[in-house]
Amino acid sequence: MINIPEIPLENFEKPSEEIESRIGAKNEYIGSIEYGVVGSGQAGCRIAKSFYDIGYKKTLGLNTALADLNPLELPPEQKLKIGNIEGSGKSMDKGARAAEESAQQIFDKMKAIFGTVDKIIICAGFGGGTGAGSLGVLISIATKYLEFLRHANPAKDVIVIAALPTAGELKSSTIKNNNDAILKDMYEFADKSLIGPIILIDNAKIEYLYRGIPPAKFWGTINDTITQLFQ
């Protein structure tokens, strides 16, 4: 059984009207809902980058590993190294601690990038340590950010988009255990109405449907397809 972690954050005065992104980020897609996007871990950041590429410019990428974060093609001010470690080594506990240690920085980055948004999308991979491990903490921070924006039911405006491991990845007991644990946690979150929709990307099924795609283009093709379908 899991509860949303209680993250102590600096108190901000709740805005009485819309606030602007401090870095000047403006979404460029066609639609009436203003989204902010957070990607955590390598898989989550790849999905977030696909959103960024189709106009979701209010995007934040998070990772415990600079080796994975630095090549991510987002503006430098829209990326954040979290925690005091260099990579989580597939450990969800390390991913969770990293997010907890950086909670205030993450909240401040949301404020700087998002300004006023209607909903927040959190993207993560369910087999990794950083994405899966940080997810509960990120849901808490996103909920508090929407509460800061005076949303009547902030938890319902947090959307999780999660990539399930491929069949090959599930052969690793660590990845399988991570996937099983975070799925259970997210179903409990949903049952308790602590989050809005959960969208699961079944990479094992997609891997079969998209067989024949060169490995270098595999993840980009899948993620671009998912974000275009969402839009």
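Residues numbered from 1 in each chain as written. Predicted model: local features only at pLDDT ≥ 70, side-chain atom pairs only at ≥ 80, totals over all residues. Heavy atoms only, no water.

Undergrad: Explain the overall build of the chain to me, using residue names and the numbers behind them.
TA: A tally of helices and strands in the chain yields eight helices and six strands. Ordering the α and β elements of the chain from the N terminus gives β-α-β-α-β-α-α-β-α-β-α-β-α-α. A compact globule built from 231 residues should have a C-alpha radius of gyration of about 17 Å, and the chain, at 16 Å, falls within 12% of that. Dimensions of the chain, computed from C-alpha atoms along their principal axes, come out at roughly 50 × 40 × 35 Å. For the chain, with 231 residues in total, the buried portion stands at 53%. Considering only contacts within the chain whose residues lie at least 6 apart along the sequence, 71% involve residues at least 24 apart. Total accessible area on the chain is roughly 10,900 Å²; 51% of this is exposed by carbon and sulfur atoms. If the 25 positive side-chain charges of the chain are averaged to one point and the 28 negative ones to another, these points end up 4 Å apart. (Helix = DSSP H or I, 4+ residues; strand = E, 2+ residues; numbered from the N terminus. Rg over C-alpha atoms; globule rule 2.2 N^0.38 Å. Buried < 20%, exposed > 50% of the residue type's maximum accessible area, 1.4 Å probe, protein only. Contact = heavy atoms within 4.5 Å. Areas by Shrake-Rupley, 256 points an atom, 1.4 Å probe, with all protein chains shown as cover. Lys, Arg positive; Asp, Glu negative; His and termini not counted. Charge placed at Lys NZ, Arg CZ, Asp CG, Glu CD.)

Undergrad: Describe the packing of aromatic side chains, with residues and values.
TA: Considering all chains together, one arrives at eleven aromatic pairs under this definition. Taken together, a centroid distance of 5.4 Å and an interplanar angle of 85° make the contact between F51 and F230 edge-to-face. One end of the pair, F51, is in helix 1 (residues 41–53); the other, F230, is in helix 8 (residues 215–230), and 179 residues separate them in sequence. Given a relative accessible area of 0%, F51 falls into the buried group. (Phe/Tyr/Trp six-rings, centres within 6.5 Å; stacked < 30°, edge-to-face > 60°.)

Undergrad: I'd like a rundown of the environment of V117, residues and numbers included.
TA: With respect to the helices, strands and loops of the structure, V117 is situated in the loop between helix 4 (103–114) and strand 4 (119–125). For the pair V117 and A132, spaced 15 residues apart in sequence, the C-alpha separation works out to 24 Å. Leaving out residues up to four positions away in the same chain, V117 has contacts with E34, Y35, G36, K58, Y145, L146, L149 and H151.

Undergrad: Outline helix 6 (residues 173–191), listing residues and values.
TA: Its 19 residues place the ends of helix 6 27 Å apart at the C-alpha level, agreeing with the 27 Å of an ideal helix rising 1.5 Å per residue. I175, N178, N179, I182, L183, D185, M186, E188 and F189 are the residues of helix 6 that are buried. Buried residues in helix 6 make contact with helix 3 (92–101), helix 5 (130–148), strand 5 (158–164) and strand 6 (198–202). One or two positions beyond helix 6, positive phi appears at S193, with a value near 60°. (Expected span 1.5 Å × (residues − 1).)

Undergrad: Residue-level account of helix 1, with values.
TA: Here helix 1 contains 13 residues, and its C-alpha end-to-end distance of 18 Å stays within 8% of the 18 Å for a straight helix at 1.5 Å per residue. Burial in helix 1 covers these residues: G41, G44, C45, I47, A48, K49, S50, F51 and Y52. Of the residues one or two after helix 1, G55 is the one with positive phi, at around 115°.

Undergrad: Tell me about the sheet that holds strand 4, residues and numbers included.
TA: The parallel open sheet is built from six strands, whose spatial order is 3-2-1-4-5-6. Taken across any chain shown, the strands that pair with only one partner, and hence form the sheet edges, are strand 3 (79–81) and strand 6. The sheet shows a mean angle of 15° between the axes of neighbouring strands, taken without regard to direction. Across five bridges, the pairing between strand 5 and strand 6 is parallel. Along strand 6, the bridge assignment pairs A163 with I201. Across the face of the sheet, helix 4 comes into contact with strand 1 (35–40), strand 2 (59–63), strand 3 and strand 4 while running at roughly 155° to strand 2. Here helix 5 sits on the sheet and contacts strand 1, strand 2, strand 4 and strand 5; the angle it forms with strand 4, its principal contact strand, is near 175°. (Pairing = 2+ DSSP bridges. Axes fitted to C-alpha atoms, helices over the stretch in contact; angles between N-to-C directions.)

Undergrad: Which residues make up the packing of helix 5 against helix 6, and what values go with them?
TA: The interhelical angle for the contact between helix 5 and helix 6, taken along N-to-C directions, is 15°, at an axis separation of 10 Å. Judged by the angle between their axes, helix 5 and helix 6 are roughly parallel. Crossing of helix 5 over helix 6 shows left-handed handedness. Residue-level inspection shows A132, L135, G136 and I139 of helix 5 in contact with helix 6, the latter providing I182, M186 and F189. Residue composition of the contact of helix 5 with helix 6, by class: six nonpolar, one polar and no charged. (Parallel < 35°, antiparallel > 145°, perpendicular 65-115°, else oblique. Left-handed = near helix turned anticlockwise from the far one by under 90°. Nonpolar A, V, L, I, M, F, W, Y, C, P; charged D, E, K, R; others polar.)

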